[in-house]
Every structure is written in C-alpha cells, then in structure tokens.
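Here is how the chains run, residue by residue.
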Amino acid sequence: MSGNSRNRQWVAGSVVHGPVVQVSGVAGDVTVTTAPGERPLYQVDAFPSDRPHPTTAQARAQPARLLLARYALVDFTGRAGELAALAAWRDASLPASVLLLHGPGGQGKTRLGAEFAAVSRAAGWEVLQARHATDPAPGAELTESGPPAGTGVLLVADYAERWPEEDLRAMITDAARQGRRARVLLLARPAGVWWQTLAHRLDRLDLPTDSLALPPLAQDADTDPESLFTAARDHFARALDTAGADAIAPPDTLRDPAFGQVLSVHMAALAAVDAHRTGTETGALTSPGRVSAYLLDRERDHWRTLYANGRVTTPPGTLAHAVYTAALTGAQPYDVGRSALLAVDVCASDRAVETLSDHAVAYPPATPHAGSVLEPLYPDRLAEDFVALTTPGHHLDQFAPDPWASTAPQRLLAHDGTTPPAWARPALTVLIAAAARWPHLAGQLTPLLIARPELALHAGGAALGALAGLEALPVEALEAVEVRLPAGRHIDLDSGIAALTSHLTRRRLGVSTDPTQRARLLGSQSVRFANAGWYEEALAADLEAVMVHRKMAEAGLHVHERDLAASLNNLANGYQKAGRFEDALAAVEESIAIWRRLASVGSASYRPELAVSLSNLSNILGKLGRPAEGVAAGEEATAVWRQLEETGLSVDEPELAGSLNNLSNRYAQTERWDESLAAAGEALAMWRRLAGAEPAAFEPDLAMALHNLALTCGYVGRRNEALAVIEEAVVIRRRLAEAAPTAHTQSLARSLWAMAWVQASLLGDFPEALAAVDEAVEIYRRLDGATSEVVSDGLRGALAMREAVLAEMGRS
C-alpha cells in the first residue's frame, strides 16, 4: 500500500510518517514508500478487546496491578448520559468529526473510552487506537478490529494533551481522508487553551469539533461513592482470593471531594481489601494521599521480596530509584533508558544492565518484544504520587521521603544547553501534573525552570498552559520561561504561550499601579493572543490598553504618546481583522496624528512608525472604497522610507515591502497599472529575498505579494504570467494553511478565488475555474459566521464568481 497526503486511510498495525503510511501485518501485496528523513508521527493499532487479568499470585505481590484500566477488573457502571452523548456524536451524518473527552486524572476517561469502543465495535464500526510515535506500545494483546469497510472508523487517542500539536493535528486531519465516516475521540486531562486553539484550527479545516467534560462518577445519578466502593471491594476480594471482605464498610470520608474521582474510590477499596487480607494495621486511610502511600508501600514490599528470593540482584533502594526514574521518563529504548539511569546516579555504569533487567522483572514491558526498558508504574496517578511521596516536603508519616530525590529532576534533565534529553517532554509533563496535587513539587520545578527554562518550551504548549495554572509555582520561575519564549509565532507553543502570558499579565496588572506599564502589558498580551488565534481577546486587550492611556490623559497624567500611538495602530489592525473598518480608520488616523506631532519636533526615530501607520491607513481606505485617498497615504508612507534610505538610516525592509504592496493595490484600484506593476514587482523582489533567508517568517508575505501581482497582471492582459504567479501563491498558501489554518486558511480562499478569475476571465478554462472557486466557496462557508464580515464578503464574492462560471458552462 502506498500513501499520499490526500488519501491516507488508517490501517491497524501501521506507522504514519509525514504524508506516508508504513503498514505491517497486512495480507496481500504491500508497497511502502517513505520520504527521505521523514520522522514517524503516530502509530495506529486495533483497539484491544481482550482483557487478560493478573493471576492471584501477581495481584497479591503487587495489588496496584488490579487498578489498570486495561484489565477492566471492576465492571463498568453508570455513565449512561455520557455514553448516549458519545453515541449521538458518533452516529451523526458528518463525514468526519472530533470530540474531546476530558477530566482530571482518575476520573474514568480511559474506561469510558474502552466501553464506548466496545459498543461501537458491536454497532459495526471499525475501532482503532492511535499513539504518538514517542509513546510506549499499548499494554494489551491486539485483536482484529473488524473490516475497514463497515459503518465507519473510530480512532481513539489517549493523553492527547501530550502530543505535539502539529502531530496531533496531522493525525486528526487524516480523518477527512478516510473515504468513509471517521470519528476521532481524544482523551485528555485538561481542556484548556491547547484544546481551544486546536479546535479553532480544526474548524478552519472543516473538521467539526466538540468536547465532553467528564464529571466525577460519584455525581452520576445511577451510582454513588458507597456503591462504587462496594462493587470494587467485591471484585478486588475475588482477584486477591480474600474471604470476609464483605465486612469492610465504605469509609465516611468517601464523601470528601478529594475522593471525587472513581480511581480514588477504587484505590481506597483496594487498599482496604489488601490490608484486610494481610492483617496489616494501616491506620485511617482518610485521604487519597494515605491510600497511595499504603499501595506504594506494598510495591516496596514486592521489591524487598524479589531481592530476598534472589530473583533480582538490585537492592530495593536502588530499584526504588529506577522506579522513580521510570515514572518520569516513561518507557524508553534500551540505550536511552541506560543513559537516564546514569544521568540521575541510580547505579554505577557497570551495573546499568543488571538494574534495567531487574526493573523489568518488577515492571515488565507492556509489549514483551518491543525492546523497551523502564516501564513506568501504573496507573499514572500512582506513579505521580510515588514521585511526590519520594520527594522531601510532604507531610505523610506513612511514607518516608528519600533525600536522593531532592535534586533528581535537576540531574535527570541536565543537558549541554542545546538539545534536551529524549525524556525531557514526558518528565516535565509528569512533574507538572503531579505538582497540581502535591504543591511541594513546585520546589522541584522552580530551580529546574530557572536554570533551564528552555525545557518548558520543549515540553509543548499543553505543558506550558498547565504550568501557568500551578498556583504554588513562584512567579520567578514563570518569568524565567517567559524570557525564552519565541518572539513570533510557534505552532506547538502558541496556545501555551498565550496562557502563560495571560497568567503573568493578570498577576502583574494586579500589583501594578503604573498606568504606562499596564498599557504595555496589555499590548504584549494582545500580540500573544493574536498569535494563538484569539482575535476577540486580542482586540479586547488593545481596547483596554487604549482606554488606560485615555484615563491617564483625562487625569492630567503624563502620557507616553509613542505608546498611545502604537496601541492605536494595533487597535486599528484588530478592528480590520474584525471587519470594522470605520473603527479602524478612526484609530489609525489618531495614531498618525500623534506620529506627525512627534516627528515634527525633528526626531527621525518616529518616522518609521509614521510610515507603518500611513501604510495601514492606505489599506483601510482601500477597504472603505476610497482608493484615491489610499494612494496618497501609500505614497507618503513609501516616501518616508525612501527619505530614511537617502539619509543612510536603517530601513525595516519588511515594512518597506509591505508599504509597496499596499501602494500597488491602491494604484490598481485607481487603474494606474504601470505604477501598480512597478510597486508590486519591487515588493515581490524583496519578499523573495527575505523568504529565501527566513521562509518561516516571510513566506506568508511572499504569497500575498504573488497574489496581488497576479491580479494586476490579469487586469492588464498578461494572462500567462497571471496564471503562473497565482498558481505559485496557491501552492504556498495551501502549505501554510495546512501548517497553521487559523492564520492562513482565509488567505488560501482568496487566492483560490483569484485563480478562478484568471482561469475563467482570461483563459476561458471554465472547468478548472469551477474547481478552484468551489474550493474557495467551501472554505468560506466553513469560516462564515465564525469570524467577521470580511469572511462574509469573501463568500459573497466567491458565490458570484461561481454563478458566472456556471453560466458560461451553460449550467445557469
């Protein structure tokens, strides 16, 4: 089977590399192609249906095994409302859609996902699971999921918030290429900014999204904490072959909100049954932390038994350090796992092989022949609690901390300053998740982030967003990360950057009494919001920044006019994105008045800002149907740049190119074709040079210049040149829209309209024109109502073009 970017069907046992699928275990002839250097993105497997259970001996040795969701030891109960909502989403008539099922760790997301997978398979759906290429293999034997030609395909992906956003979006967009109904069910703990940004971008790609918050099962109308405890108690008693457990009464503390997650209730039941079986005096298991401490002590008992029986040669204390390390790194290839042990001084280098082998005795790899080591303790919550309870700073007497762990994260995540270790992303993710419940771990994160703030960026946007939500983390740690944030856009980080900036800005605004500083904070926040696609929030921040300046002026305070002018210009840009051009005009005219006054005192330092605002004015006037005035503003902007060049001052070439582009458009509006072509050609030459050096920064501008030149060439009858230029623009904008749909999908629609115009009006190629304008209409319809009047105008124009093309084809 060969694949391409337009037709990529999911097949169980396949690994997706960029635009190519590699397939294994498929009967018949298979042809696999891969582009050189393509990295694997994600793996697709059949969703497991067999639920093997541990033996009684295994369960007694390590009671926590019984908590694993893959065993489904306790019968599924409740969730009737959520299952009905999932079924309604699945059975809708949409070709493809995405739903996020979210809730805190231990809430029952994985069990609900597995139950929904089972009922979907019974309803005739093919059910698959996806995991990121860097994640450990699934921990259950795979079974056939059913024929791919059935009712449709359901793909389930757990821990969605831990995927790099670009890879997650690539997996999801493959849903639209299945040639059958496709549903993607994402399971994740948070549904914050990472999901808001992803959902917004998917909506731009015509992939409908929805989310379903999973409340505590204890709130389910069909159950209660006591019945949950009793059912779990009885199942665990059978698994542990324990008599008399029915005498164990549910503790009164189950009504405490701390036991609001089903996993917390199940852990309490398991600890109570095991303590009853062994006759252990546990004291009062009155909190989830105490329950975890008991179960983790049972794990330590297991290590001691293995050592005493000679099954392992690694002392229990050393094995504990390996278990701690595995909790942070997750399963890794052998060489990586060995490096992790040595990095954190778990053992001497000549003992690494034995230590890894002994760790695998206690925690065998989920997939025996995968060749991985350091399988972590499960469930995740127990692993996080082990990290927290091993670290000094908690106050539970039942579990003694280990001083070794005081600096273990710093040693584990040390690097040479260029490339973080392979386990950096999962390690930081686990630390942040654990710190949300164990505030003393903020003491681990703080020195780590201050010394190596780049690690937070390496962990991804979701981790950045979660980091911003840790109230125990001092502001100094977040500020250290803030210094390393990229100045411009970043696909994987934008949502997390917006959350981090919002958190810091809120703190700073809460203590700042300097109005000028407040306005600057709001301006910076607006930029970050806009980068994440939060245009309404960005506009609100700009409005507030301008309002702060107004209040200062009204109070007779000194106003830094440069800051006010910059805020007004930003506000004008925000109004343009919202299609509010009259408001944009008022804001930019006020900005220009300030820049003129400042420049008139003789300082050339204000003239670049004046030129930028004049070019902005030129664009707004063109949108308002006042092109002659737009020409005047554009010519003045360009003249300012030329004067700066003549005086030997440094000129911002991208701003000059942008001014020339806007001026070319105004010349075209007034039918001054030669001048339009000259300005467009000069701008295009600049953008080609800039994009050649920094494509990520300037390719969008290059595509814009190509688009505008194509229109001008078309108006003067240069048909072939117009077609070649607009085709290049579409190629670039299609690639940009796939990478960052929020920013570039609308631009792609405009260029598709322009391509249709060239093909129909200039070349008479109506079938090609119809294909292009149909795609433009489809995009505008997806965007219509979701953004602004600008989109509605684009849709009306595309529909008019389509009508004209159909009339030419005799299909009026």
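Residues numbered from 1 in each chain as written. Predicted model: local features only at pLDDT ≥ 70, side-chain atom pairs only at ≥ 80, totals over all residues. Heavy atoms only, no water.

A. Structural view of the overall build of the protein chain. Across its full length, the protein chain holds 32 helices and 10 strands. Within the protein chain, contacts between residues separated by at least 24 positions form 70% of all contacts whose residues are at least 6 apart in sequence. Per element, the accessible surface of the protein chain, about 32,900 Å² overall, is 53% carbon and sulfur. (Helix = DSSP H or I, 4+ residues; strand = E, 2+ residues; numbered from the N terminus. Contact = heavy atoms within 4.5 Å. Areas by Shrake-Rupley, 256 points an atom, 1.4 Å probe, with all protein chains shown as cover.)

B. Geometry of the pattern of salt bridges. In the structure shown here, the tally under the stated rule is 34 salt bridges. Between Arg304 and Asp301 there is a salt bridge; the shortest N-O distance is 2.4 Å. Of this pair, Arg304 and Asp301 both sit in helix α8 (residues 288-308), 3 residues apart, which is roughly one turn of that helix. Between Glu682 and Arg642 there is a salt bridge, with the nearest N and O atoms lying 2.9 Å from each other. Taken together, the positions of Glu682 in helix α27 (residues 673-693) and Arg642 in helix α25 (residues 627-646) put the pair 40 residues apart, joining distant regions of the chain. Classification of Glu682 by relative accessible area gives partly exposed; the value is 29%. One continuous salt-bridge network, built from bridges that share partners, spans Asp274, Arg277, Arg298, Asp301 and Arg304. (Salt bridge = Lys/Arg side-chain N within 4 Å of Asp/Glu carboxyl O. Buried < 20%, exposed > 50% of the residue type's maximum accessible area, 1.4 Å probe, protein only.)

C. Here's a closer look at the packing of aromatic side chains. Under the criterion given, the structure shown has 9 aromatic pairs. Taking the centre distance of 6.0 Å and the plane angle of 85 degrees together, the rings of Trp303 and Phe386 count as edge-to-face. In this pair, Trp303 sits in helix α8 while Phe386 sits in helix α12 (residues 380-390), placing the two residues 83 residues apart along the sequence. Like Phe386, Trp303 is buried. (Phe/Tyr/Trp six-rings, centres within 6.5 Å; stacked < 30°, edge-to-face > 60°.)

D. Region of the structure containing the environment of Thr329. Topologically, Thr329 is positioned in helix α9 (residues 316-329). With 98 residues separating them along the chain, Thr329 and Ala427 place their C-alpha atoms 5.2 Å apart. Apart from the residues within four sequence positions on either side, Thr329 is in contact with Ala340, Leu374, Leu412, Trp423 and Pro426.

E. Focus on α25. Taking 1.5 Å per residue as the helical rise, α25 with its 20 residues ought to reach 28 Å, and the 28 Å between its terminal C-alpha atoms agrees with that figure. All buried positions along α25 are accounted for by Pro627, Gly630, Val631, Ala633, Gly634, Ala637, Thr638, Val640, Trp641 and Leu644. Those residues of α25 that are buried lie in contact with α24 (607-623) and α26 (653-669). Where α25 ends, the next residue or the one after it, Gly648, has phi of about 80 degrees, a positive value. (Expected span 1.5 Å × (residues − 1).)

F. Representation of α27 within the structure. Compared with the 30 Å implied by 1.5 Å per residue over 21 residues, the 30 Å span of α27 between its first and last C-alpha is a close match. Among the residues of α27, those classed as buried are Ser676, Leu677, Ala679, Ala680, Ala683, Leu684, Met686, Trp687, Leu690 and Ala691.

G. Main features of the packing of α26 against α27. As a packed pair, α26 and α27 sit with axes 8 Å apart at the nearest point and diverge in direction by 155 degrees. What the angle tells us is that α26 and α27 run roughly antiparallel. The chirality of how α26 crosses α27 is left-handed. Judged by residue contacts, Glu653, Pro654, Leu656, Ala657, Gly658, Leu660, Asn661, Ser664, Tyr667 and Ala668 of α26 engage Trp673, Glu675, Ser676, Ala679, Ala680, Glu682, Ala683, Met686, Trp687, Arg689 and Leu690 from α27. Tallied by class, residues from the contact of α26 with α27 come to 13 nonpolar, 4 polar and 4 charged. (Axes fitted to C-alpha atoms, helices over the stretch in contact; angles between N-to-C directions. Parallel < 35°, antiparallel > 145°, perpendicular 65-115°, else oblique. Left-handed = near helix turned anticlockwise from the far one by under 90°. Nonpolar A, V, L, I, M, F, W, Y, C, P; charged D, E, K, R; others polar.)

H. Highlighting unusual backbone geometry. A cis amide bond, omega -5 degrees, links Tyr378 with the succeeding residue Pro379. By the element assignment, Pro379 lies in the loop between β10 (372-373) and α12. Positive phi, close to 55 degrees, is recorded for Tyr159, a residue that is not glycine. By relative accessible area, Tyr159 is classed as partly exposed at 29%. Its identity as a non-glycine residue notwithstanding, Glu671 has a phi of 60 degrees, on the positive side. Topologically, Glu671 is positioned in the loop between α26 and α27.

I. Examining the packing of helix α22 (residues 561-577) against α24 more closely. Contact pair α22 / α24: the axes reach a minimum separation of 11 Å and the direction vectors enclose 25 degrees. When the axis of α22 is compared with that of α24, the two are roughly parallel. Of the two elements, α22 crosses α24, and the hand of that crossing is left-handed. Here α22 contributes Arg562, Asn569, Ala572, Asn573 and Gln576 to the contact with α24, which in turn contributes Glu609, Val612, Ser613, Asn616, Asn619 and Ile620. In the contact of α22 with α24, the residues fall into 3 nonpolar, 6 polar and 2 charged.

J. Layout of the nonpolar core. Judged by nonpolar contacts, the single largest core of 102 residues is most densely connected at Phe236, Leu295, Phe386, Leu445, Leu467, Leu473 and Val481. Top contributing element to this core by residue count: helix α7 (residues 262-278), with 10 residues. Sequence-distant contacts of Leu473, defined by excluding residues within four places in its chain, comprise Ala442, Leu445, Thr446, Leu449, Leu467, Leu478 and Arg507. Membership of the second largest hydrophobic core comes to 60 residues, among which are Ala611, Leu656, Leu690 and Phe698. (Core = buried A, V, L, I, M, F, W, Y, C linked by side-chain atoms within 4.5 Å.)

K. How the structure looks around the pairing of strand β4 (residues 96-102). Within β4, 7 of the 7 residues are buried, leaving the element largely enclosed by the surrounding structure. Residues Ala96, Val98, Leu100 and His102 point to one face of β4 and Ser97, Leu99 and Leu101 to the other, with burial holding for every one of them. Note that β4 and strand β7 (residues 182-188) share 7 bridges and pair parallel. Bridged to Ser97 within β7 is Arg183. (Pairing = 2+ DSSP bridges.)

L. The pairing of strand β3 (residues 40-46), seen in detail. Most of β3 is tucked away, with 5 of its 7 residues classed as buried. With 5 bridges joining them, β3 and strand β5 (residues 126-132) adopt antiparallel strand pairing. The partner of Gln43 across the bridge, within β5, is Arg131.

M. Seen up close, the confidence of the model for the protein chain. For the protein chain, per-residue confidence averages 85 on the pLDDT scale, and residues scoring 70 or more make up 88% of the total. Ranking the helices and strands of the protein chain by mean pLDDT puts α9 first, with 96, and strand β2 (residues 20-23) last, with 45. Across residues 137-149, confidence stays below pLDDT 50; counting only partners more than four residues off in sequence or on other chains, it has 33 contacts. (pLDDT = per-residue confidence, 0-100.)

N. Region of interest: the environment of Val612. As for its placement among the helices and strands, Val612 is situated in helix α24. Owing to a relative accessible area of 24%, Val612 belongs among the partly exposed residues under this scheme. Sequence separation between Val612 and Thr638 is 26 residues; the distance between their C-alpha atoms is 9.4 Å. Excluding residues within four positions of it along the chain, Val612 makes contact with Asn569, Trp641 and Glu655.

O. Layout of the side chain of Ser264. Looking at the secondary structure, you find Ser264 in helix α7. Apart from the residues within four sequence positions on either side, Ser264 is in contact with Ala258, Phe259 and Arg381.

P. The arrangement of the environment of Ala130 in detail. Structurally, Ala130 is set in strand β5. Ala130 sits in the buried class, given a relative accessible area of 6%. For the pair Ala130 and Ala46, spaced 84 residues apart in sequence, the C-alpha to C-alpha distance is 8.8 Å. Aside from chain neighbours lying at most four places away, what touches Ala130 is Tyr42, Gln43, Leu155, Val156, Ala157, Asp158, Trp163 and Met171.

Q. Geometry of the side chain of Asn661. With respect to the helices and strands, Asn661 occurs in helix α26. Contacts of Asn661, omitting those with residues within four sequence positions, involve Ala683, Met704, Ala705 and Asn708.

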